[in-house]
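The lines below spell out each chain.
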Amino acid sequence: MKRRNKHNYYLDIAESVLERGTCLRRNYGAVIVKNDEIISTGYSGAPRGRENCCDIGYCVRQKLNIPRGQNYEKCRSVHAEANSIISASRRDMIDATLYLVGKEMENGALVKHANSCTMCKRLIINSGIEKVIIRDTNEEFRIVYVQDWIDNDDSLTESMGY
């Protein structure tokens, strides 16, 4: 029996979390882990008390043909990373790891070149999270060190996120 490695274990949990997402375009799941303990989870969805895209029956960004990585102010959703950060205390997030998985709702495929948007990158930096691990395939993932975002200011103005 081959045991699942820890990164894929937590990515599997993030993939389960994204199933609660309410976006009609792309759903993401995030899990923050520190010292091998899950601190919080988050998925994409409208702010509490507001209707979700799945409830109103359309995605504004999709309806307006807005390309990925642009005009996030048109999106109804709070991103998975932001929701996971909102649900945790900063002292628990310092030096933690955020696991991130995204799926295309049209076909259920993993989002190619998934990444946090610029606003989520800023939240992740301020939260004290040390690294972000992003699923590329069921077995492959990328490890992004948050310090690289800090050192490379361009990563905070360009986005291939949601």
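Look up a bit, the structure's there.
Description of the structure in this document. Remember, predicted model here, so these are calculated numbers, not experimental data.

**Side note on the pattern of salt bridges**
Scanning the model with the defined rule gives nine salt bridges in all. The salt bridge involving E15 is made with K103; its shortest N-O contact spans 3.0 Å. Of this pair, E15 sits in helix α1 (residues 6–17) while K103 is found in strand β3 (residues 97–104), placing the two residues 88 residues apart along the sequence. Of the two residues, E15 and K103, both sit in the buried class. Residue R135 pairs with E15 through a salt bridge whose shortest N-O separation is 2.6 Å.

**Thoughts on the side chain of N52**
Mapping N52 onto the fold places it in the loop between β2 (37–43) and α2 (53–56). A polar atom in the side chain of N52 sits 2.8 Å from the side chain of T22. Those residues in contact with N52, other than ones at most four positions away along the chain, are T22, G45 and A46.

**So, the side chain of R61**
Relative to the helices and strands, R61 is located in helix α3 (residues 60–63). Summary of buried charges: R61 has no salt-bridge partner, and the nearest side chain of opposite charge, E73, is 7.4 Å away. Reaching out from R61, the side chain makes a polar contact with the backbone oxygen of P67 at a distance of 3.2 Å.

**Here's the deal with the nonpolar core**
In terms of nonpolar packing, the biggest core is built from 19 residues, with I32, L98, L100, I124, I129 and V132 touching the most fellow members. Mapped by element, the contributors of at least two residues to this core are β1 (26–34), α4 (80–86), β3, β4 (131–135) and α7 (146–151). Among the elements that take part in this core, β1 stands out by supplying three residues, more than any other. The residues touching V132, leaving out its near neighbours within four places in the chain, are L98, L100, I124, R142, I143, V144, V146 and W149.

Reading the values: the criteria
- Residues numbered from 1 in each chain as written.
- Predicted model: local features only at pLDDT ≥ 70, side-chain atom pairs only at ≥ 80, totals over all residues.
- Heavy atoms only, no water.
- Salt bridge = Lys/Arg side-chain N within 4 Å of Asp/Glu carboxyl O.
- Helix = DSSP H or I, 4+ residues; strand = E, 2+ residues; numbered from the N terminus.
- Buried < 20%, exposed > 50% of the residue type's maximum accessible area, 1.4 Å probe, protein only.
- Polar contact = N/O pair within 3.5 Å; in protein donor to acceptor, adjacent residues only side chain to side chain.
- Contact = heavy atoms within 4.5 Å.
- Lys, Arg positive; Asp, Glu negative; His and termini not counted.
- Core = buried A, V, L, I, M, F, W, Y, C linked by side-chain atoms within 4.5 Å.

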